[in-house]
Amino acid sequence: MQKKRIFSGAQPTGELHIGNYLGALKNWVALQEEYDSIYCIVNLHAITLPQDPKTLRQKTRDLARIYLAAGVDPEKATIFVQSDAPEHAELTWVLSCVARMGELERMTQFKDKSQKFGRRPIEAEKAHFEEIFVAASESNLENTNPPHNRRSTASFFQTLETAAAAKGTSVSEVVQAVIDSLQSKRDETRRSPAERASVGLFTYPVLMAADILLYQTDLVPVGQDQKQHLELSRDLAERFNRDFGVTFKIPEPYIPKAGASIKSLQDPAKKMSKSDENPAGSIFLLDDADTISKKIKRAVTDSGTEITFDETRPAISNLLTIYQLVTSKSAEDCVANFAGKGYGQFKGELADAVVEFLRPFQERVKQFDDETLTTILKKGAERARSIAQTTLVDVYAKMGIGR
Ligand code: TYM
């Protein structure tokens, strides 16, 4: 019997943290034994936010190393880079014509990310504004000749004259350009952060649906934050199947009971996140032992003293969940282990357990040389493409596209 298929991926941005590991990677490794597993490095998702090209290229390969070091076995699973299979971008276009604006507008991750990244650096904006404001208003003040402004007004006109001479235009044209620039800056600042977000950030879930649906995926192991995107993938597949005939398998989410949403060590109301400005909130996979211990010691706790799983005490529950997952103990055993112990002792034991858990991973990460990596990724892309092409040919045929 053919094995059922898994597809999942992570973005090569920021530093991967223990939430990514416990919510996703750990399960990928466990599931590769039983499923035909395809794990993708989603570099096309990464560019929905600005990236430095050199860093992105490096991080793409680093992430492949992380998959391998976590235990994804290239003999059992397919590992590849998203952009090496152009079918992802092609199917995205098709599915963008199936998706509705309304359903994308409901995606909470777009709302969060566009708020967070669409904002401009306020201080720089203000300084720039003030500069133009002063310049523009001084040009009007020239006739009223306010004594306290005389010198700066004179030097301002000097600047205008120099600019006009350099451009070969009149001073009044330069003044007009200053005023236009002021106006457009004002308009831009008035726009909401969401309006300044890239279109790609908005249509990101469609690319994710294409990733999954191209491979006739049965199961998608992800953390809780991707649940809504997965539901969209299912909706798009169902809609396409209804309109054009059965083409896509409807994928099921695989969201672990424990570890689906590891929280920030500094604020248990927020998930641990690669893009958190405060590094103290996350344990990064490549943090050294000392850094890990410090971050855990400084982690916020709740009132009370007991170390138990308790929804009303999210900070301790989160730390205990991390402990449970890195030690692979049952929830009961974890609670029993800390009965009667204080927070200090708990944090010490947790830090040791996390360090031990990450040690073999951190050693393996350095083992994969460039050549080995290139071979694995090339082989992975070939296999991925052979599956993806079959789906895409079927999609186009059903829609009346192509020969
Ligand atoms: P990304 O790169 O943000 O995260 C990779 C995986 O880690 C999970 N995760 C977490 N799990 C538990 N606790 C946390 N604090 C935590 N933070 C992140 C994520 O849920 C994810 O499983 N859009 C995806 C990548 C993607 C994808 C796909 C996934 C693109 N196409 C197709 C599955 C199938 C993302 O940005 O993941």
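The rules behind the values
Residues numbered from 1 in each chain as written. Predicted model: local features only at pLDDT ≥ 70, side-chain atom pairs only at ≥ 80, totals over all residues. Core = buried A, V, L, I, M, F, W, Y, C linked by C-beta atoms within 7 Å. Buried ≥ 20, exposed ≤ 12 C-beta atoms within 10 Å, placed from the backbone. Helix = DSSP H or I, 4+ residues; strand = E, 2+ residues; numbered from the N terminus. Domains from an automatic or database assignment. Near = placed C-beta within 6 Å. Nonpolar A, V, L, I, M, F, W, Y, C, P; charged D, E, K, R; others polar. Expected span 1.5 Å × (residues − 1). Bend = angle between axes of the 7 residues up to and from the residue. Pairing = 2+ DSSP bridges. Right-handed = clockwise from strand over helix to strand, strands pointing away. pLDDT = per-residue confidence, 0-100. Contact = placed C-beta atoms within 7 Å.

Considerations on the nonpolar core
Okay, so step 1: Counting residues in each nonpolar core, the largest one holds 81 residues, and the members touching the most others are Tyr67, Ala209, Ile322 and Val354.
Okay, so step 2: Per-element accounting of this core gives the leading share, 8 residues, to helix H11 (residues 199–213).
Okay, so step 3: Mapped onto the domain boundaries, this core takes at least three residues apiece from domain 1 (1–115 + 198–260 + 370–403) and domain 3 (263–368).

Let's talk about the site of the ligand
Okay, so step 1: In the vicinity of the ligand, 25 residues are found, and the nearest of them are Gly19, Gly23, Ala24, Val222 and Gly223.
Okay, so step 2: Where the shell around the ligand is concerned, the elements lending two or more residues are strand S1 (5–10), helix H1 (18–31) and H11.
Okay, so step 3: Classifying every residue of the shell around the ligand gives 11 nonpolar, 11 polar and 3 charged.

Here we look at H11
Okay, so step 1: With 15 residues, H11 should reach 21 Å at 1.5 Å per residue; the first-to-last C-alpha distance of 22 Å fits that figure.
Okay, so step 2: Of all the bends in H11, the largest measures some 40° and sits at Pro205.
Okay, so step 3: The buried fraction of H11 is high, at 11 of 15 residues.
Okay, so step 4: Residues of H11 that are buried: Thr203, Tyr204, Pro205, Val206, Leu207, Met208, Ala209, Ala210, Asp211, Ile212 and Leu213.

Describing the pairing of S1
Okay, so step 1: Among the 6 residues of S1, 5 are classified as buried, and the element is accordingly described as predominantly covered.
Okay, so step 2: The pairing of S1 with strand S2 (residues 36–41) spans 6 bridges and is classified as parallel. By the bridge assignment for S2, Phe7 is matched with Ile38.
Okay, so step 3: Handedness of the crossover joining S1 and S2 through H1: right-handed.

Brief notes about the confidence of the model for the protein
Okay, so step 1: Overall, the prediction assigns the protein a mean pLDDT of 90, with 89% of residues at 70 or greater.
Okay, so step 2: The low-confidence segment residues 141–148, where pLDDT is below 50, has 4 contacts with residues more than four positions distant or belonging to other chains.

Here's the deal with the pairing of strand S3 (residues 77–81)
Okay, so step 1: For S3, the tally of buried residues reaches 5 of 5 residues, placing the bulk of the element in the interior.
Okay, so step 2: Side-chain alternation along S3 places Ala77, Ile79 and Val81 on one buried face and Thr78 and Phe80 on a second face that is also buried.
Okay, so step 3: By the bridge criterion, 5 bridges tie S2 to S3 in an arrangement that is parallel. Note on S3: the bridge partner recorded for Cys40 is Phe80.

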